[in-house]
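Given next are the chains, with one letter for each unit.
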Amino acid sequence: MSAATPGPAPAVPVVAIDGPSGAGKGTVARLVATRLGWHWLDSGALYRVVGLVGRRHGLAPGDEAGHAELAGRIDIVFGGDAATDTVWADGADLSRELRTEEVGHLASAVAAQPRVRAALTGRQRAFRRLPGLVADGRDMGSAIFPDATLKVFLTATVAERAERRYKQLKDKGLGGSLADLSRDIEERDRRDAGRAASPLVRTDDALLVDSTGRSIEAVVAEVLELAAARGLQAAAR
Ligand code: DC
């Protein structure tokens, strides 16, 4: 091989953070990406966009072909860097509406459809760019980036996750009882872990991080330590 022959493309490192709803994955992943100076993929937002845009197009929740077609063609753009979580779909800013409980349920329903998951697979992998990617979701380590350098399974008790959601809603001036939120979370856990297509699972190589009773900062610090132990460093700025 001559010296001019390009070698294999450098592997782009991935930190995969999976876990149930409300464990703090999004917040933790975003902060870890910011500290490392890496890209961030909020994969749940893709399923939320498909669920919401599908409803706006009048699709029945069970219309797998219709949702898969949308998943393949909607133009989805995330805010410029890991510090923001703005999401545009076909030019409309959906950021606020995407975060509602209702859209979370729509997302969970379309996420059980194998053709929707297949349509989003390549789109998720396209986020893997240098200097590295922090990806959060349910199947980042198991299906989308099985060769991720670090896989974290982030969890917390149902009671703690419901309490956090309750506080978030209250801060936004929205209602909701703790008992209803707990029930909702348990139902979504069951659906996400019980489906046939890429269910939420902790793979053997995923490290368990429990955020119950801990600050976001403490959890972020633990993930950064785990990353450093795998030789993953912040990008030079
Ligand atoms: O993380 P989130 O709450 O934004 O995700 C919304 C729903 O999308 C969640 O109930 C399950 C689904 N989802 C998924 O099936 N796979 C992913 N990688 C991310 C989310």
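Throughout, a residue's number is its position along its own chain's written sequence, starting from 1. For a predicted model such as this one, the threshold for reporting local features is a pLDDT of at least 70, and the threshold for listing and counting side-chain atom pairs is 80 or more; totals across whole chains, interfaces and linings nevertheless cover every residue. Side-chain descriptors were evaluated using all non-hydrogen atoms of the structure, hydrogens and water having been removed beforehand.

### Section: the nonpolar core
- Core analysis: the largest hydrophobic core is formed by 33 residues, its most contacted members being Leu 41, Val 49 and Phe 145.
- Examining the composition of this core, we find that seven residues originate from one element, helix α2 (residues 43-56), more than from any other.
- Should any heavy atoms of two residues lie within 4.5 Å, those residues are counted as being in contact. When sequence neighbours within four positions are dropped, the list of residues in contact with Val 49 reads Gly 54, Ile 74, Ile 76, Val 87, Ala 89 and Leu 98.
- Residues enter a nonpolar core if they are buried and are Ala, Val, Leu, Ile, Met, Phe, Trp, Tyr or Cys, with the set joined through side-chain atoms within 4.5 Å. Summary of the burial criterion: residues with accessible area below 20% of their type's maximum are buried, those above 50% are exposed, and those between are partly exposed, where the area comes from a 1.4 Å probe applied to protein chains only. Within the second largest apolar cluster, 21 residues are counted, among which are Val 28, Leu 36, Trp 38 and Trp 40. Secondary structure elements are taken from DSSP: a helix is a run of H or I of four residues or more, a strand is a run of E of two residues or more, and numbering for both begins at the N terminus.

### Some thoughts on the packing of aromatic side chains
- Aromatic rings from Phe, Tyr and Trp, with only the six-membered ring used for Trp, were paired whenever their centres fell within 6.5 Å, and each pair was classed as stacked if the ring planes differed by under 30 degrees, edge-to-face if by over 60, and tilted otherwise. Under the defined criterion, the tally for this structure stands at one aromatic pair.
- Seen in terms of ring centroids, Phe 78 and Phe 127 are 5.6 Å apart; in terms of plane orientation they differ by 80 degrees. Their pairing is edge-to-face. With Phe 78 in strand β3 (residues 76-78) and Phe 127 in the loop between α6 (114-125) and β6 (133-137), this pair connects stretches of sequence that are 49 residues apart. Grouping residues by exposure puts Phe 78 and Phe 127 together as buried.

### Let's talk about the site of the ligand
- Here a residue is considered near a molecule or strand provided that any single heavy atom belonging to it is located within 4 Å of it. For the ligand, the set of nearby residues contains 15 residues, the closest of which are Arg 48, Arg 117, Arg 138, Asp 139 and Arg 195.
- One of the side-chain nitrogen or oxygen atoms of Arg 117 is found 2.8 Å away from an oxygen atom of the ligand.
- Contact with the protein chains hides 95% of the accessible area of the ligand, taken as 440 Å² for the molecule alone.
- A per-element tally of the shell around the ligand places α2 first, with four residues. N or O atoms closer than or at 3.5 Å make up a polar contact, with two conditions inside protein: a donor-capable atom paired with an acceptor-capable one, and, for residues adjacent in sequence, both atoms drawn from side chains. In this description, accessible areas are obtained by the Shrake-Rupley approach with a 1.4 Å probe, and a residue is regarded as covered only by the protein chains that are shown.

### Quick notes on the packing of helix α5 (residues 101-110) against helix α9 (residues 178-194)
- Note on method: axes are straight lines fitted to C-alpha atoms, helices fitted across the in-contact stretch only, with angles between N-to-C directions ranging 0 to 180 degrees. Axis separation between α5 and α9 bottoms out at 10 Å; the angle between their running directions is 20 degrees. With respect to α9, the element α5 is oriented roughly parallel. In terms of crossing hand, the pair formed by α5 and α9 is left-handed. Here Glu 101, Gly 104, His 105, Ser 108 and Ala 109 of α5 come into contact with α9, specifically with Leu 181, Asp 184, Glu 187, Arg 188, Arg 191 and Asp 192.
- Under the grouping applied here, Gly and all other residues not named as nonpolar or charged are polar, the nonpolar ones being Ala, Val, Leu, Ile, Met, Phe, Trp, Tyr, Cys and Pro and the charged ones Asp, Glu, Lys and Arg. Classifying every residue of the contact of α5 with α9 gives two nonpolar, three polar and six charged. For classification, angles of less than 35 degrees are called roughly parallel, those exceeding 145 degrees roughly antiparallel, those between 65 and 115 degrees roughly perpendicular, and all remaining angles oblique. Each crossing is labelled by how the near helix is turned from the far one, with a counterclockwise turn of less than a right angle marking it left-handed and a clockwise turn marking it right-handed.

### Some points on the environment of Ala 23
- Residue placement: Ala 23 occurs in the loop between β1 (14-18) and α1 (25-36).
- Residues Ala 23 and Ala 162, spaced 139 residues apart in sequence, show a C-alpha to C-alpha distance of 9.7 Å.

### Examining the pattern of salt bridges
- By salt bridge we mean one thing: a side-chain nitrogen of Lys or Arg within 4 Å of a carboxyl oxygen of Asp or Glu. Enumeration according to the criterion identifies 17 salt bridges in this entry.
- In this structure, the salt-bridge partner of Arg 183 is Asp 180, at a minimum N-O distance of 2.4 Å. Residue Arg 183 and its partner Asp 180 are both found in helix α9; the two are separated by three residues, about one turn of the helix.
- For Arg 183, a relative accessible area of 51% puts it in the exposed group.
- Residue Asp 180 is classed as partly exposed on the basis of its relative accessible area of 38%.
- Note that Arg 214 is salt-bridged to Glu 222, the shortest N-O span being 2.8 Å.
- Residue Arg 214 is classed as partly exposed on the basis of its relative accessible area of 32%.

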